[in-house]
Amino acid sequence: MKTQALWIAGLVAMPFAAQAQTEISWWHAMSGANGEVVNKIATDFNASQSEYVVKPVFKGTYPETLNAGIAAFRAGQAPDIIQVFDVGTGVMMAAQGAVKPVAEVLEEGGFKFDKSQYLAGIVGYYSTPEGDMLSFPYNSSSPVMYYNKDIFTKAGLDAENPPKTWADVWTAARKIKESGAATCGYTSTWLTWIHTETFAAWNDTPWATNENGLAGQPELEIDSPLYVKHFQELADLAKEGVFVYGGRTSEAKQNFTSGECGILTESSGGLGDIVKAGINYGIGQLPYDETAPGAPQNTTPGGASLWVMGGKSDETYKGVAAFFNYLSQTPVQQHLHEQSGYLPVTMAAYEATKASGFYQTNPAREVPILQMSGKPPTANSKGVRAANLPQLRDIQNEEYEKMLAGQQDAATALKNAAERGNAAIKEAYGN
Amino acid sequence: MRRTVFPHKLLPWLLLAPQLAITLIFFYWPAAQAFRQSVLREDAFGLKTTFVGLANFRKVLGDPAYLNALQVTVIFSALVAFFAMGIALFLAVQAEKVIRGKGFYRTLMIWPYAVAPAIAGMLWLFMFNPSFGTLAWPLRQMGISWNPLLNSNHAMTLVVAASVWKQISYNFLFFVAGLQAIPRSLLEAAAIDGATRRHSFWTIVFPLLAPTTFFLLVVNTVYALFDTFGIIHAVTSGGPGKSTETLVYKVYNDGFVNLIMGDSAAQSVILMLIVIALTAFQFRFIERRVHYG
């Protein structure tokens, strides 16, 4: 009886205790192990202070989360913080008035926002052309090359020395197929992200005008000779059966984990599944085109960032600022990096991870960071942006599929993708 | 005849209220919203809204991709309705002949209906995945270079097969019921007159099943138009190219992936008109030929 009375008293008292704190809602798209990291970060932050309570809510996949956020905003019920994937960045940036720039939130919250503390490649992507950070880079990844060491050895290739250029990859892939070491030499996830958008940055060639859309309305230039050469090589390999197409997003990972293909290009964030598959893998940096001057340049971040929605109370913004400040602290970033496989956001966290000897035992984990921050970004390598990037990727996928099915050559596919894409861009930007 | 007069004025309305409320909230209100959206052009967040009249409709109807989706939908729906009904009828007739364990067979046949479309899609996707699918391997051994990821016909075959498989149970159930309603005496009389099984099926059973067949035709057409979204989403996402993008899938893709609300709403309105016209047509012309016995 007594415990029951205490329970009731506790229940009655709880809302009053909670009322003193400001609640901050955080919608995210992290499931599985990455979802646990989100919950741990929120719990730790809530325990570290008593003024604010961050409430993470899982909203499904990246597109589902974005849609839920948009629908909630239209209904006047937007969350305080929402995680939006890289492709949705342009959508969020076009929504002036619906979002509040992170740099502004941090400064109003009394924190000094020092851009130089953050990894340049990451912060550049989530900033305006003037350099104001718009969203907080929560989880960033970069495409890398995975290869099956057993298949390499069987095919008579050097398993400790993975190919560095695309030409070398094609040679190795053909050798894998011809020697019978595997039925497929090479496969890749995300032809749009890896072979088009990252290809542009890594080989320092424009994806579109206006700094790839970062400085204004873009006009696609993906039908230029370097792309045509690259995609024709891919189409030829597909015809020979050396390159196997897996699908539009990350389906091709299965072709690699099943041992069907010897080489895979995929996000650094995809490491978990490859480890789980138990194959003897190696990681190399993303291949580049040796004919491109200045290649390899730097890769751009994929993944997602946290956006602050507009029209909230000052108290809420103060809480968000405190939370983001907490998120950028070195131990938190280091934990995030080591647990989830995503990249650290600050230089200090990177240095701390390095000092801890983490990369000595996991050298592959440093590859995406080195790729991303090896050189200061050029106008071609800060990332790509369009208000309708999901639609552009759809169009590209359709044309690439027709090309790989042998219905058209690379020049036609890329010309169609650029023309259809540019028409869609004009429509989206209203001119 | 005496007309029954109910004394209450309010009570009938009160009793109808829950049903009316559901219809209004879940059918009429969204439909009205679709109409409203279809004449507006808006950014995803609804920050800037402009009235554009029928411009969205003009744009949609002039879009080759939309005409492609229309064509895909016609082919897809015809294939699904034909095979789902044909196979179900065949199975129902065969199940009639079973003497022992009839109930058991029937229960087994009805099971797939309980499977959610997205899950049915995943099942077929895994079975026919070109790299690790259990059933893709024998196809390859037979010399068919099976690849639904790039070959449009293979992709279409796969989504049709999955959609048909899922709908067979439902059709089967109705055909079994329809077959049981056919008087035995007619079949026996035909047998005495020397009709073969085949002959008596086409001249007696099939015509007498017409009401069931007609009902299923309407249901299956609507099923192929709308309920197969989950399967297409899971299996092909409309690809390769745009070869399995049906009208419903395009509404979803334009609205929720590409965030072009006006186009998407205009397409929903057109779809609504198509379904109204199709159902009206089926009832007006095909139903006349139906013999209700």
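Residues numbered from 1 in each chain as written. Chains lettered and ligands numbered in written order. Predicted model: local features only at pLDDT ≥ 70, side-chain atom pairs only at ≥ 80, totals over all residues.

Undergrad: I tried to follow the overall build of chain B on my own but got confused; where do I start?
TA: The secondary structure content of chain B amounts to 13 helices and two strands. Principal-axis analysis of the C-alpha atoms places the extent of chain B at approximately 75 × 75 × 30 Å. Long-range pairs, those at least 24 residues apart, make up 69% of the contacts in chain B between residues at least 6 apart in sequence. (Helix = DSSP H or I, 4+ residues; strand = E, 2+ residues; numbered from the N terminus. Contact = placed C-beta atoms within 7 Å.)

Undergrad: What exactly am I supposed to notice about the overall build of chain A here?
TA: In terms of helices and strands, chain A carries 20 helices and eleven strands. The C-alpha radius of gyration computed for chain A amounts to 23 Å, which stays within 12% of the reference 22 Å derived for 431 residues, consistent with globular compactness. With 431 residues in all, chain A has 52% of them scored as buried. For chain A, the share of sequence-separated contacts (at least 6 apart) that also reach a separation of at least 24 residues comes to 75%. (Rg over C-alpha atoms; globule rule 2.2 N^0.38 Å. Buried ≥ 20, exposed ≤ 12 C-beta atoms within 10 Å, placed from the backbone.)

Undergrad: Could you clarify how one ought to interpret the domain arrangement of chain A in this entry?
TA: For interface size, the figure often reported is the accessible area lost on association. Residue and element names in this part refer to chain A. Annotation of chain A at the domain level lists domain 1 (22-141 + 301-345) and domain 2 (143-298 + 385-429). Centre-to-centre separation of domain 1 and domain 2, based on C-alpha positions: 29 Å. With 14 residues of domain 1 at the contact, the number on the domain 2 side is 15 residues. The set of elements that each furnish at least two residues to the side of domain 1 that touches domain 2 consists of α4 (89-94) and β11 (302-309). Per-element tally for the side of domain 1 that touches domain 2: the top contributor is α4, with five residues. (Domains from an automatic or database assignment.)

Undergrad: I would appreciate a short explanation of the interface of chain B and chain A in the present structure.
TA: Across the boundary between the two partners, chain B contributes 19 residues, which contact 27 residues of chain A. Partitioning the side of chain B that touches chain A into residue classes produces ten nonpolar, seven polar and two charged. (Nonpolar A, V, L, I, M, F, W, Y, C, P; charged D, E, K, R; others polar.)

Undergrad: I would appreciate a short explanation of the confidence of the model for chain B in the present structure.
TA: Note that predicted coordinates carrying low pLDDT should not be read in detail. Residues and elements named next belong to chain B. Overall, the predicted model of chain B reaches an average pLDDT of 88, with 97% of residues at or above 70. When pLDDT is averaged over each helix and strand of chain B, the minimum, 82, is found for helix α4 (residues 102-110) and the maximum, 93, for helix α3 (residues 64-97). Taken over the whole predicted complex, pTM reads 0.84, whereas the ipTM for its chain interfaces reads 0.80. (pLDDT = per-residue confidence, 0-100.)

Undergrad: Before we go on, may I ask you to explain the UniProt feature "domain: ABC transmembrane type-1" (unreviewed entry) in chain B in this structure?
TA: Mapped onto this numbering, the UniProt entry gives "domain: ABC transmembrane type-1" (unreviewed entry) at residues 70-282 of chain B. As a span, residues 70-282 of chain B carries 76% helix and 0% strand, and end to end its C-alpha atoms are 19 Å apart. (UniProt positions renumbered as here; feature names shortened; annotations may be inferred.)

Undergrad: Explain the confidence of the model for chain A to me, please; I cannot follow it from the model alone.
TA: For chain A, the mean per-residue pLDDT works out to 89, and 95% of the residues sit at or above 70. Note on residues 8-18 of chain A: pLDDT under 50 across the span, and zero contacts to partners over four residues away in sequence or across chains.

Undergrad: Which parts of the structure should I look at to understand the nonpolar core?
TA: Side chains of nonpolar character tend, in soluble globular proteins, to be buried together. All names here are of chain A. In terms of nonpolar packing, the biggest core is built from 172 residues, with Val102, Ala173, Ile263 and Val320 touching the most fellow members. When we break this core down by domain, the ones giving at least three residues each are domain 1 (22-141 + 301-345) and domain 2 (143-298 + 385-429). Beyond its immediate sequence surroundings of up to four residues, Val102 is in contact with Met133, Leu134, Ser135, Phe136, Val308 and Phe324. (Core = buried A, V, L, I, M, F, W, Y, C linked by C-beta atoms within 7 Å.)

Undergrad: Whenever I open this one, the environment of B:Ser77 confuses me. Can you help?
TA: All names here are of chain B. The topology assignment puts Ser77 in helix α3. Ser77 sits in the buried class, given 22 other C-beta atoms within 10 Å. A C-alpha to C-alpha distance of 6.5 Å links Ser77 and Leu225, two positions 148 residues apart in sequence. Excluding its chain neighbours within four sequence positions, the residues that come into contact with Ser77 are Thr221, Ala224 and Leu225.

Undergrad: Explanation requested: the UniProt feature "transmembrane region" (unreviewed entry) in chain B in the structure shown.
TA: All names here are of chain B. Using the residue numbers shown here, the UniProt feature "transmembrane region" (unreviewed entry) corresponds to residues 12-31, 69-92, 104-127, 155-179, 200-226 and 265-286. End-to-end, the C-alpha atoms of residues 69-92 are 33 Å apart, and along that stretch the chain is 100% helix and 0% strand. Each end of residues 200-226 is marked by a C-alpha atom, and these two atoms are 36 Å apart; helix forms 96% of the span and strand 0%.

Undergrad: Any chance you could explain the sheet that holds strand β7 (residues 184-188) of chain A here in plain terms?
TA: In sheet architecture, strand pairing relies on hydrogen bonds along the backbone and comes in two forms, parallel and antiparallel. All names here are of chain A. Taken together, five strands build an open sheet; the order of strands is β8-β7-β9-β6-β10 and the sheet is mixed. A single partner strand is all that each edge strand has here, and the edge strands are β8 (243-245) and β10 (281-284). On average, each strand axis in the sheet is inclined to that of its neighbour by 25 degrees, with strand direction left out of account. As judged from the five bridges shared by strand β6 (residues 143-148) and strand β9 (residues 261-267), these two strands associate in the antiparallel manner. Paired with Pro143 across the strands is Ser267, a residue of β9. (Pairing = 2+ DSSP bridges. Axes fitted to C-alpha atoms, helices over the stretch in contact; angles between N-to-C directions.)

Undergrad: Just checking my understanding: could you explain the environment of A:Asp86 for this structure?
TA: Residues and elements named next belong to chain A. Relative to the assigned elements, Asp86 resides in the loop between β3 (81-85) and α4. Look at Asp86 and you get buried, because 25 C-beta atoms sit within 10 Å. Taking C-alpha positions, Asp86 is 23 Å from Lys55, a pair spaced 31 residues apart along the chain. Residues in contact with Asp86, not counting those within four places in the same chain, are Pro301, Gly302, Gly303 and Ala304.

Undergrad: Please explain the packing of helix α12 (residues 247-257) of chain B against helix α13 (residues 261-286) of chain B as it appears in this structure.
TA: The description of two helices packed together rests on the angle between their axes and the distance between the axes. Residue and element names in this part refer to chain B. For the pair α12 and α13, the least separation of the axes is 8 Å and the interaxial angle reads 160 degrees. Taken together, the axes of α12 and α13 are roughly antiparallel relative to one another. Crossing handedness for the pair α12 and α13: left-handed. Touching Leu247, Val248, Lys250, Val251, Asp254 and Gly255 of α12 are Met261, Asp263, Ser264, Gln267, Ser268 and Leu271, all from α13. Among the residues making up the contact of α12 with α13, the classes are represented as five nonpolar, four polar and three charged. (Parallel < 35°, antiparallel > 145°, perpendicular 65-115°, else oblique. Left-handed = near helix turned anticlockwise from the far one by under 90°.)

Undergrad: In this structure, what is going on with α13(B)? I would like to understand it.
TA: Side chains that are three or four residues apart share a direction in an α-helix, a result of its 3.6 residues per turn. All names here are of chain B. Compared with the 38 Å implied by 1.5 Å per residue over 26 residues, the 36 Å span of α13 between its first and last C-alpha is a close match. Looking at α13, one finds that the buried residues are Met261, Gly262, Asp263, Ser264, Ala265, Ala266, Gln267 and Ser268. On its buried side, α13 packs onto α1 (10-38), β1 (40-42), α2 (55-61) and α12. (Expected span 1.5 Å × (residues − 1).)

Undergrad: I tried to follow the environment of B:Leu173 on my own but got confused; where do I start?
TA: Tracing the chain through its elements places B:Leu173 in helix α7 (residues 152-180). With 85 residues separating them along the chain, B:Leu173 and B:Ala88 place their C-alpha atoms 8.4 Å apart.

Undergrad: Even after reading the chapter, I still don't get the pairing of β11(A), so can you show me in this structure?
TA: Each regular strand shows side chains that alternate between the opposite faces of the sheet. Residues and elements named next belong to chain A. Most of β11 is tucked away, with eight of its eight residues classed as buried. Of the two faces of β11, the one lined by Gly302, Ala304, Leu306 and Val308 and the one lined by Gly303, Ser305, Trp307 and Met309 are each fully buried. Two strands pair when backbone bridges link them, and β3 and β11 are joined in this way by five bridges, in the antiparallel orientation. Counted as the bridge partner of Ile82 is Trp307 from β11. Pairing geometry for strand β4 (residues 99-100) and β11, over two bridges, is antiparallel. Paired with Lys100 across the two strands is Val308, which belongs to β11. As defined by bridge partners, strand β5 (residues 136-141) adjoins β11 across five bridges and the pair is classed as antiparallel. Its bridge partner being in β11, Ser140 is matched across the sheet by Gly303.

Undergrad: It is not clear to me how unusual backbone geometry should be interpreted in this structure. Could you clarify?
TA: The bulk of non-glycine residues show a negative phi, and the bulk of peptide bonds are trans. A cis amide bond links A:Ala295 with the next residue in sequence, A:Pro296, at an omega value of -5 degrees. Here the residue pair B:Gly239 and B:Pro240 is connected by a cis peptide bond, since its omega of -10 degrees sits within 30 degrees of zero. With respect to the helices, strands and loops of the structure, B:Pro240 is situated in the loop between α11 (229-235) and α12. Despite not being glycine, A:Asp204 shows a phi value in the positive range, around 50 degrees. For B:Ser237, which is not a glycine, the phi torsion comes out positive at approximately 50 degrees. Structurally, the position occupied by B:Ser237 is in the loop between α11 and α12.

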